[in-house]
There are 2 protein chains.
Amino acid sequence: MNTLAAYTTVCLLITLDARLIPDNYSKERRALLDEETFTAVGGKLHLNEDETIVNDILMKWKMKELNPSYTNPQHFNFSKHYFSYKNDIENSKVYQIIRRMPKGAVLHVHSSLMLHPDVLVKLTYEKHLYACFADDDLRFYFSEATPDRPCLSKWALVSDLRKSSGDPVAFDSQLKNYFTLYKEDGEDYNFVDINTVWQRFNKVYYTIKSLIAYRPAREKYWTETLKQFYKDNVMYIEVRTGLQDLYELDGSRHDKKYLVEVYKNVTAKFIKKHPDFIGVKLIVTKHRALSIEHVLEALNLTRRLKAEMPDMIAGFDLVGQEDIGRPLTDFLPILSEAKDEINFYLHAGETAWLGTSADENLVDAILLGSKRIGHGYALTKHPSLMSAVMKKDIALEVNVISNVVLSLVHDVRNHPLASYIALGLPVVLSSDDPGAWSAEPVSHDFFVAFMGVASKHADLRLLKQLALNSITYSALEDESKTRLFEVFNKRWDTFVRDVISDECLLDTSVS
Amino acid sequence: MNTLAAYTTVCLLITLDARLIPDNYSKERRALLDEETFTAVGGKLHLNEDETIVNDILMKWKMKELNPSYTNPQHFNFSKHYFSYKNDIENSKVYQIIRRMPKGAVLHVHSSLMLHPDVLVKLTYEKHLYACFADDDLRFYFSEATPDRPCLSKWALVSDLRKSSGDPVAFDSQLKNYFTLYKEDGEDYNFVDINTVWQRFNKVYYTIKSLIAYRPAREKYWTETLKQFYKDNVMYIEVRTGLQDLYELDGSRHDKKYLVEVYKNVTAKFIKKHPDFIGVKLIVTKHRALSIEHVLEALNLTRRLKAEMPDMIAGFDLVGQEDIGRPLTDFLPILSEAKDEINFYLHAGETAWLGTSADENLVDAILLGSKRIGHGYALTKHPSLMSAVMKKDIALEVNVISNVVLSLVHDVRNHPLASYIALGLPVVLSSDDPGAWSAEPVSHDFFVAFMGVASKHADLRLLKQLALNSITYSALEDESKTRLFEVFNKRWDTFVRDVISDECLLDTSVS
Ligand SMILES: [Zn+2]
Ligand SMILES: [Zn+2]
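Residues numbered from 1 in each chain as written. Chains lettered and ligands numbered in written order. Predicted model: local features only at pLDDT ≥ 70, side-chain atom pairs only at ≥ 80, totals over all residues. Heavy atoms only, no water.

## Observations regarding the overall build of chain A
Consideration 1: The helix and strand tally for chain A stands at 20 helices and 11 strands.
Consideration 2: For 511 residues, the compact-globule estimate of 2.2 N^0.38 gives 24 Å, and the C-alpha radius of gyration of chain A, at 26 Å, lies within 12% of that figure.
Consideration 3: Once the C-alpha set of chain A is aligned to its principal axes, its extents read approximately 115 × 60 × 45 Å.
Consideration 4: For chain A, with 511 residues in total, the buried portion stands at 59%.
Consideration 5: In chain A, once contacts between residues fewer than 6 apart in sequence are set aside, the share between residues at least 24 apart is 76%.
Consideration 6: Summing over all exposed atoms, chain A offers an accessible surface of approximately 20,700 Å²; the carbon and sulfur share of this is 53%. (Helix = DSSP H or I, 4+ residues; strand = E, 2+ residues; numbered from the N terminus. Rg over C-alpha atoms; globule rule 2.2 N^0.38 Å. Buried < 20%, exposed > 50% of the residue type's maximum accessible area, 1.4 Å probe, protein only. Contact = heavy atoms within 4.5 Å. Areas by Shrake-Rupley, 256 points an atom, 1.4 Å probe, with all protein chains shown as cover.)

Dropping the structure here:
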């Protein structure tokens, strides 16, 4: 009896004890979470003492800005369209840190859609610029006399139109709407279906393309673009371009190689002023809706240009809306013939569908030895392909805002980038067409990825690793890559010092 | 020279040959895709001859209905809200096949929100039913005289209100709006933020709850619910319930065990009429916003009920909006104390955020030995936890339509179920609260998962495996599980025969 009584007492004690969280539970819990942090992109980075201080500052602001949102999506409501919180980004302290952070390289942008529409409007002040407004469309042409080219309404000098409008500010504001999908007038930012938004997007593209086909305009366009990217702390760019033919005021046309030379010369001039800018390489593109013959021609062009200007040409890609374009399988014979000579940087899996030809472009991008994959949005649904991407170390060029604007995903928190980061896949962050949605070159993408997509716990290590990845997975030759790393590290140190000293000033001024 | 010429010729031949797709390329491509099919849920199922015919019929209709959508999202536009294509589902041939397919069990539904609002409206024709309309809210109470209960306007007999409205049809239609989030009047189905939609959802819940707290109404409610689920080819249900206190017309109240007995007796009566219906088990729930004391009380209740009616009680769960509720860590001491006695079926990771406490409930659900996880929506961002779920064979109760209506995801093609299926995770499909969005018991969820979430190539094997999983991962005792498998197999054979013979009739009538 005594024994039983004692036993019962012990049992009771055990029961009461069990109400505390068992020690090994907490350990196991911590271990699981730590494993995830360690696996994730940036998880293996070590921060030095100063970086740790910057990280504390960064995370202090992140928590301040996001904590209310975790329970009340009024603040930074990521379930809404990017356009609805775009203007709030500028006021974010986290954004201000991200903005001044060196980003390394931008590896996925399309040449005509990189520049902010405000600057494009300025380009329309160039002399000899004619416009044709017809229906919902706008085309430009530079010419000494009225262009002898088809126009559903009639060609008129932009300067005349602006003057006769009586309100140049309103005129420019309307003009700007042709250069961007973003509307400032606070319309409700509903998501439209993918085909509709791509139609609008293509309209913007053709309008801008018509403005910058003129050689002097293109030179200015490129100078301004470099300025903006440089200001956004981008030190190197790989640009996808279809290499349109430029023309002069007298109507004479240049060949495609000429545009490569423009890129080269304008960039060289820019580097003279900004010696820590590394440069530019081109990825030649062709529209995926075109015939095999057209694509073959583009491949041959790439081959030829690469032979003549090897430092300027990174490789080849197919572009355009993937769901309705031709699948890579259509081009397999010519692509697999070219793959040992030309590096591919193929768009693949930029689709919400699973099992369609657009989705299965991922398989072919991998098998064709694509050095990186553009978007790879659908990859998250393909465990075997994710393994292959990991094993072959194929970088994913993720463009979160582009995927929102072009209607693949509504709530950025559902973007597969979250999984790619968690898996530690080789991710680089890019912006696709920042000009087309009035975004900053790449800082908005970093902000949205950091605040909306990544974990609450994601910190400076993620941001730094994404920047480092952009250098690692660039097409730069070893020597230039080393230089870019050096430039990056130097700028990174300055960034770290600046953030700390600014915070000190802030602390002083507050106290 | 001769040698060189010969060499050039050979090179030319090789070049031309290379333009064909290399044989090993096609093989490697096929192997990658086959590996994915084999890994996916249902990929290892073998279809017999008749099933293969049914599969051909199913896939014929699937392609007919979806092919236009792959390039033009006008048809079954899954990027829009479920409400916008809900009515189109009924006309789908694929849906008609899914509707008659045996589903096995439904393992994740909440007791008050299972019944279609049309039937709820019928229940308001019961005698002695009073209503209190105040602001946007509606409460019911059964009573012989005017209820002596708080009401911001005044209590009135529903029968009187209906009569005096002059238009009973319009009255009922308005009444129905209080029972569902779905609106038939074709308003634009925009997504609202998660807090707003949960507020609406809770309103619907409290209205219905007030209607079925009356013992005779509850008995009818449960009979009608069983009828609907049975008609939808569901043979067994596990119901999450807070076990509210029922009352009688004289105002007397029953204890919580009484409701368990109502479930038991009404279900037993139903089984008498439909001997191949297996039955019902309850998962006792408590709201996750409540105090530790309340939850402990509910755990003790579960323990007691399980001891008294072991065949009726499956286990325990915490419910309510996860982002704003208490995290599981708050309840760790009492949950870990109870975990060896009570089976957990915990909601976890029903959030779009990553790294928040709602997200990390996933860790605790796993460590607490949860038998299944409710939703697990955020799991796709946690590779380590996915491995744990796989290793411990914890089923994920996925509710796609619920996640759309309750604002976790807009486009179902972005639902993580696609990844879970691809990874071959133990998934069961359920409907959470089909009554609250006027959905069929579970067939709409199967349809949306099959057409919108799963791969274009997903076929009958996925559907069958999902049904089989629902039996495998149920809380049924071995013997009952065996019986359910038998019932399922018998119904499956009938289903296969019926689909084939219907298609033959169709072929004959067409020709
Ligand atoms: Zn792109
Ligand atoms: Zn639920």
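## What to know about the coordination of the zinc ion (ligand 1)
Residues and elements named next belong to chain A.
Consideration 1: The protein atoms donating to the zinc ion (ligand 1) are His108 (NE2), His110 (NE2), His347 (NE2) and Asp432 (OD), with metal-donor distances spanning 2.1 to 2.2 Å.
Consideration 2: Coordination at the zinc ion (ligand 1) comes from four donor atoms whose angles at the metal span 83 to 170 degrees, giving a geometry best classed as irregular.
Consideration 3: Of note, the zinc ion (ligand 1) draws all its donor residues from one chain, in the sequence arrangement H-x1-H-x236-H-x84-D. For the residue pair histidine 108 and histidine 110, the accessibility class agrees, reading buried in each case. (Donors = N, O, S within 2.8 Å, 3.2 Å for Na, K, Ca; no water. Tetrahedral: all angles 85-135°; square planar, octahedral: opposite > 155°, others 65-115°.)

## So, the packing of helix α14 (residues 357–367) of chain B against helix α15 (residues 383–392) of chain B
Residues and elements named next belong to chain B.
Consideration 1: Where α14 meets α15, the closest approach of the two axes is 11 Å, and the angle between their N-to-C directions is 25 degrees. With respect to their mutual orientation, α14 and α15 come out roughly parallel. Crossing angle aside, the handedness with which α14 passes α15 is left-handed. Contacts between α14 and α15 pair Leu362, Val363 and Ile366 from the former with Leu385, Ala388, Val389 and Lys392 from the latter. (Axes fitted to C-alpha atoms, helices over the stretch in contact; angles between N-to-C directions. Parallel < 35°, antiparallel > 145°, perpendicular 65-115°, else oblique. Left-handed = near helix turned anticlockwise from the far one by under 90°.)

## So, the interface of chain B and chain A
Consideration 1: Between chain B and chain A, the contact holds 68 residues from the first and 68 residues from the second.
Consideration 2: Summed over both partners, the interface of chain B with chain A buries about 6,100 Å², with 57% contributed by carbon and sulfur atoms.
Consideration 3: Applying the counting criterion to the chain B and chain A interface returns two salt bridges.
Consideration 4: Of the charged contacts, one joins aspartate 364 of chain B and arginine 29 of chain A as a salt bridge, the two residues approaching to 2.7 Å between their closest N and O atoms.
Consideration 5: Examining the composition of the side of chain B that touches chain A, we find that seven residues originate from one element, helix α2 (residues 23–39) of chain B, more than from any other.
Consideration 6: Taken together, the residues of the side of chain B that touches chain A sort by class into 33 nonpolar, 21 polar and 14 charged. (Buried area = accessible area lost by both parts, 1.4 Å probe. Salt bridge = Lys/Arg side-chain N within 4 Å of Asp/Glu carboxyl O. Nonpolar A, V, L, I, M, F, W, Y, C, P; charged D, E, K, R; others polar.)

## A few points about the UniProt feature "domain: Adenosine deaminase" (unreviewed entry) in chain A
Consideration 1: As recorded in UniProt, the sites labelled "domain: Adenosine deaminase" (unreviewed entry) are residues 193–486 of chain A.
Consideration 2: A helix fraction of 49% and a strand fraction of 13% characterise residues 193–486 of chain A, whose end C-alpha atoms lie 44 Å from each other. (UniProt positions renumbered as here; feature names shortened; annotations may be inferred.)

## Details of the coordination of the zinc ion (ligand 2)
Residues and elements named next belong to chain B.
Consideration 1: The zinc ion (ligand 2) binds to the protein through His108 (NE2), His110 (NE2), His347 (NE2) and Asp432 (OD), with metal-donor distances spanning 2.1 to 2.3 Å.
Consideration 2: Coordination at the zinc ion (ligand 2) is irregular, judged from the four donor atoms that bind it and the angles of 82 to 169 degrees they form at the metal.
Consideration 3: In primary sequence terms, the donor set of the zinc ion (ligand 2) follows H-x1-H-x236-H-x84-D. Here aspartate 432 lies in the loop between β11 (427–429) and α18 (443–453) and histidine 108 lies in strand β1 (residues 104–110), a separation of 324 residues in the sequence.
Consideration 4: Judged by its relative accessible area of 2%, aspartate 432 falls in the buried class.

## Some words on the environment of isoleucine 421 of chain B
Residues and elements named next belong to chain B.
Consideration 1: Examined against the element boundaries, isoleucine 421 turns out to sit in helix α17 (residues 417–423).
Consideration 2: Linking isoleucine 421 and arginine 253, residues 168 residues apart in sequence, is a C-alpha distance of 46 Å.
Consideration 3: Sequence-distant contacts of isoleucine 421, that is, excluding residues within four places in its chain, are made with Ala40, Val41, Ala454 and Leu462.

## A word on the relation of the copies chain B and chain A
Consideration 1: Note on the copies: chain B fits chain A at an RMSD of 0.0 Å, the axial shift is 0.0 Å, and the rotation between them is 180 degrees. Here the transformation between the copies is reduced to the relation of a two-fold axis.
Consideration 2: Looking at the interface residues of chain B, 100% of them are also at the interface in chain A, so both copies use one shared face. (Least-squares fit on C-alpha atoms with pLDDT ≥ 70 in both.)

## Section: the packing of aromatic side chains
Consideration 1: Within the structure shown, the criterion is met by 48 aromatic pairs over all chains.
Consideration 2: Seen in terms of ring centroids, tryptophan 492 of chain A and phenylalanine 495 of chain A are 5.1 Å apart; in terms of plane orientation they differ by 55 degrees. Their pairing is tilted. Of this pair, tryptophan 492 of chain A and phenylalanine 495 of chain A both sit in helix α20 (residues 478–510), separated by three residues, roughly a single helical turn. There is no split in this pair, since tryptophan 492 of chain A and phenylalanine 495 of chain A are both buried.
Consideration 3: Seen in terms of ring centroids, phenylalanine 83 of chain B and tyrosine 182 of chain B are 5.0 Å apart; in terms of plane orientation they differ by 65 degrees. Their pairing is edge-to-face. Remark: tyrosine 182 of chain B occurs in the loop between α8 (168–177) and α9 (194–211) and phenylalanine 83 of chain B occurs in helix α4 (residues 82–89); sequence separation between them is 99 residues. No difference in accessibility class separates phenylalanine 83 of chain B from tyrosine 182 of chain B, as the two residues are buried.
Consideration 4: Aromatic rings pair up to connect Tyr70, Phe76, Phe78, Tyr82, Phe83, Tyr85, Tyr95, Tyr182 and Phe447 of chain A together with Trp353 of chain B into one cluster. (Phe/Tyr/Trp six-rings, centres within 6.5 Å; stacked < 30°, edge-to-face > 60°.)

## Description of the pairing of strand β1 (residues 104–110) of chain A
All names here are of chain A.
Consideration 1: Of all the seven residues making up β1, seven are buried; the element is thus mostly covered by neighbouring parts of the structure.
Consideration 2: Looking at chain direction, β1 and strand β5 (residues 234–241) are connected through five bridges and run parallel. Within the sheet, the bridge partner assigned to alanine 105 lies in β5 and is tyrosine 236. (Pairing = 2+ DSSP bridges.)

## So, unusual backbone geometry
All names here are of chain A.
Consideration 1: Of note, serine 438 is a non-glycine position whose phi angle comes to about 55 degrees, a positive value.
Consideration 2: Here serine 438 shows up in the loop between β11 (427–429) and α18 (443–453).
Consideration 3: Classification of serine 438 by relative accessible area gives buried; the value is 4%.

## Points about the sheet that holds strand β6 (residues 279–287) of chain A
Residues and elements named next belong to chain A.
Consideration 1: Spatial ordering of the open sheet is given by β1-β5-β6-β7, a layout of four strands whose pairing is parallel. What marks the edges here is a single partner per strand, and that holds for β1 and β7 (313–319). Sheet twist, expressed as the average angle between the axes of neighbouring strands with direction ignored, equals 25 degrees.
Consideration 2: Sitting on the sheet, helix α11 (residues 256–273) is in contact with β5, β6 and β7, with an inclination near 155 degrees to β6.

## Brief notes about the environment of leucine 66 of chain B
Consideration 1: Of note, leucine 66 of chain B is situated in helix α3 (residues 49–71).
Consideration 2: Taking relative accessible area as the criterion, leucine 66 of chain B reaches 0% and is therefore assigned buried.
Consideration 3: Here the alpha-carbon distance between leucine 66 of chain B and lysine 456 of chain B, two residues 390 residues apart in the chain, equals 8.5 Å.
Consideration 4: If we skip the residues at most four places from it in the chain, leucine 66 of chain B touches Trp353 of chain A together with Phe78 and Met451 of chain B.

## Considering the pattern of salt bridges
Consideration 1: Scanning the model with the defined rule gives 60 salt bridges over all chains in all.
Consideration 2: Residue glutamate 308 of chain A is joined to lysine 257 of chain A by a salt bridge in which the shortest nitrogen-to-oxygen separation is 2.9 Å. Taken as a pair, glutamate 308 of chain A in helix α12 (residues 292–308) and lysine 257 of chain A in helix α11 lie far apart in primary sequence, 51 residues in all.
Consideration 3: Note on lysine 257 of chain A: relative accessible area 26%, which makes it partly exposed.
Consideration 4: Between glutamate 224 of chain B and lysine 227 of chain B there is a salt bridge, with the nearest N and O atoms lying 3.2 Å from each other.

## A look at the sheet that holds strand β9 (residues 372–375) of chain A
Picture the strands of a sheet paired through backbone hydrogen bonds; they go either parallel or antiparallel.
Residue and element names in this part refer to chain A.
Consideration 1: An order of β8-β9-β10-β11 is seen for the four strands of this open sheet, with the pairing classed as parallel. Two strands in the sheet have a free side with no partner beyond their single neighbour: β8 (345–348) and β11. Across the sheet, the axes of successive neighbouring strands diverge by a mean angle of 30 degrees, strand direction being ignored.

## Topic: the environment of glutamine 244 of chain B
Residues and elements named next belong to chain B.
Consideration 1: In this structure, glutamine 244 sits in the loop between β5 (234–241) and α11 (256–273).
Consideration 2: In this structure, the C-alpha to C-alpha distance between glutamine 244 and asparagine 67, residues 177 residues apart in sequence, is 48 Å.
Consideration 3: If we skip the residues at most four places from it in the chain, glutamine 244 touches Lys209, Ile212, Ala213, Arg218, Lys256 and Leu259.
Consideration 4: Looking at glutamine 244, its side chain comes within polar contact range of the side chain of arginine 218, at 2.3 Å. (Polar contact = N/O pair within 3.5 Å; in protein donor to acceptor, adjacent residues only side chain to side chain.)

## Some thoughts on the nonpolar core
As a rule of thumb, soluble globular proteins bury nonpolar side chains together.
Consideration 1: Membership of the largest hydrophobic core comes to 176 residues, with the highest contact counts inside it found for Tyr82, Ile237, Phe316, Trp437 and Phe450 of chain A.
Consideration 2: If sequence neighbours within four positions are ignored, phenylalanine 450 of chain A has contacts with Leu58, Met59, Lys62, Val94, Ile98, Ala458, Asp459, Leu462 and Leu463 of chain A.
Consideration 3: Grouped together as the second largest cluster of nonpolar side chains are 175 residues, Trp353 of chain A together with Ala436, Ala458 and Leu460 of chain B included. (Core = buried A, V, L, I, M, F, W, Y, C linked by side-chain atoms within 4.5 Å.)

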